[in-house]
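Listed below are the residues making up each chain.
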Amino acid sequence: MSDKRKLTKDEKKLMREIFWSSFMLEGSYNYERQQALGFSIGMWPAIKRYYKNEKDRAEALERHMNIFNTTPHVVTTITGVATALEKEASENPSFDKKIINNVKIGLMGPFAGIGDSLFWGTLRIIAVGIGLSLAQQGSILGPILFLLLFNVPHMLVRYYGGVFGYKFGTKIMDQANNSGIMQKISKGATIVGLMVIGAMTASMVTLESSLVFTIGDEKIPMQDYLDQIFPLLLPLLYTIFMFYLLKKGMKPTTILLVTIAIGIIGSLIGII
Amino acid sequence: MQTALIVGIILALLWFIEKMLGTAMVIRPIVVSTIIGAALGDVQTGLLVGATLELVFMGFIQVGGAVPPDVLVGAGLGTAYAIIGNSGAEVALALALPIALLAQSIKVLVFIIRSWFMNYAMKLAKAANIKGMINLNIGGLLLHCAMYFIVGFAAILFGSNAVEAFVNNIPDAIMNGLEVAGGLLPAVGFALLLLPMMTKTNVLYFLLGFSLLAYMNIPILGITLFGVVLAFIIVYEFNGKNGDSDTTDKEDEEELFDV
């Protein structure tokens, strides 16, 4: 964490090239090698700098055609680390090049974990939460704000992630593990993500009972009583029920269809 | 014919932008439906349909290699049909779901076709032909876009009348049921999001967020800020002071990385 070294002019240019080359990671996503083609192309700024003859360049491109998969938004951090390793490999003939792919494989899992929960799980949900209420009021600002809230942090992480990855190079995993940064980030993201999802569940899942009990002459609408004890209890229970079914291994599409069936049947027989 | 062309082009173009900008979320319903609405002359319906579908499709995201229902095609065609037929968000919802499920196979097909390209990509890499690799990568993307164009174009050109007739024949009782189901469906999305994150040890954070809104009606942005503060307190203030926290950390992490 103490690496405060300033980047040289050429290194800054390299960082910009890595940033711009990183966007097409999933252009040819496929089952066989997943994001490999895009990743290999993203390594070109480093490869063309460090290797001057055709054979070495080919060897490096081929090396990065190994199967690869991570969250697209955070890929430059791994590209940055791999770049630092390629630099070392090009300068030091005794460097074992197998290490490069090993480190990449070691990084892509954790980064997919952090990236997915940060970008898909947290940032996107916050952006939806804010954009959605505007869209529901019929304001065009809704989708615009949604895209901005997501993509401004996205672009910052994409650029500075590359710088971060490059600076720490080989040491990133050791240092990050020692100071527990990875765990801290992922734990923090989980807490924020869960709270936001909880809040959105409360505001966006609607389920009200239309049951009315008649005791003597008095009509008792069940929903009124539920609201006094625990408002929104039914949406909470339903969401937890869905979570339980998913945990039990039921397919998402199945429970979608089940939910539609429950909605239709429930409203036909008049309980919801 | 013109409408079909417009819808086809929008679907193809949005996918192109999405993947040229490194997954920038332009294929989420809140964006797709708005653009389809604007192109077909009814932005308001587009916005409302987009908001409804965004909630329903919340949990359908591509994480790892698993292919989720196709939100782009589902939201795009669902919105287009709803606007062409002058009907509301419930109709768009009723149509978008089955369409998204059917369209899932487009992606699977494209991923298989592009797997065949990989031998060629290896040959290009062995020749250090970076231009060839970039072209192949863009070619793979254009193939996907072309599929979306064809699907969008054909679905509107040949499907509109059939869909309109079908929608007009849906009984009211079913439409009411769909409205109720529309309120329930976000639960599935949220449950999907929770699946890799929530464990026995951290379920309380979910409950906290839920109760803050249910009882106190704090806006989501406010709850997010509370969450950030709480996360900092827990991660930085308490960590290391009690011996158990490390083990729970690791458990959480494993759950998270299983995504």
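Just above, that's the structure.
Residues numbered from 1 in each chain as written. Chains lettered and ligands numbered in written order. Predicted model: local features only at pLDDT ≥ 70, side-chain atom pairs only at ≥ 80, totals over all residues. Heavy atoms only, no water.

A. Representation of a nonpolar patch on the surface. Together, A:I140, A:L141, A:I144, A:L148, A:V152, A:L156, A:Y160 and B:V43 line one region of the surface with nonpolar side chains, adding up to about 720 Å² of accessible area. Inspection of the secondary structure assignment puts A:I144 in helix α7 (residues 141–168). (Patch = residues over 30% accessible without salt bridge, like charges linked within 9 Å, V, L, I, M, F, W, Y side chains within 5 Å. Areas by Shrake-Rupley, 256 points an atom, 1.4 Å probe, with all protein chains shown as cover. Salt bridge = Lys/Arg side-chain N within 4 Å of Asp/Glu carboxyl O. Helix = DSSP H or I, 4+ residues; strand = E, 2+ residues; numbered from the N terminus.)

B. Seen up close, the pairing of strand β2 (residues 218–221) of chain A. All names here are of chain A. Pairing geometry for strand β1 (residues 212–215) and β2, over four bridges, is antiparallel. Residue pairing across strands places F213 opposite I220, the latter belonging to β2. As consecutive antiparallel partners, β1 and β2 are separated by two residues, and within that stretch G216 has a phi angle of approximately 60 degrees, a positive value. (Pairing = 2+ DSSP bridges.)

C. Quick look at the nonpolar core. Ranked by size, the top nonpolar core spans 158 residues in total, and within it A:M200 and B:F190 carry the most contacts. In terms of residue count, the dominant contributor to this core is helix α5 (residues 89–126) of chain B (17 residues). Excluding its chain neighbours within four sequence positions, the residues that come into contact with B:F190 are A:I197, A:M200, A:T201, A:M204, A:V205, A:T239, B:L55 and B:M58. (Core = buried A, V, L, I, M, F, W, Y, C linked by side-chain atoms within 4.5 Å. Buried < 20%, exposed > 50% of the residue type's maximum accessible area, 1.4 Å probe, protein only. Contact = heavy atoms within 4.5 Å.)

D. Just the interface of chain A and chain B, in detail. Contacts between chain A and chain B engage 100 residues on the former and 102 residues on the latter. Per-residue buried area on chain A facing chain B is highest for A:Y31, A:L194 and A:M195; these three make up 8% of the total on that side. Along the contact surface separating chain A from chain B lie one salt bridge. When contributions to the side of chain A that touches chain B are tallied by element, the ones reaching two or more residues are α2 (36–42), α4 (54–63), α6 (98–136), α7, α9 (181–204), α11 (233–247) and α12 (252–268) of chain A. Ranked by the residues each element gives to the side of chain A that touches chain B, the list is headed by α9(A), at 21 residues. Here the side of chain A that touches chain B is composed, by residue class, of 57 nonpolar, 31 polar and 12 charged. (Buried area = accessible area lost by both parts, 1.4 Å probe. Nonpolar A, V, L, I, M, F, W, Y, C, P; charged D, E, K, R; others polar.)

E. Layout of α5(B). All names here are of chain B. Under the 1.5 Å per step criterion, the end-to-end length of α5 is 52 Å for 38 residues, consistent within 8% with the ideal 56 Å. Of all the bends found along α5, the most pronounced is centred on F117 and spans about 30 degrees. One or two steps after α5, the chain reaches A128, where phi turns positive at roughly 55 degrees. (Expected span 1.5 Å × (residues − 1). Bend = angle between axes of the 7 residues up to and from the residue.)

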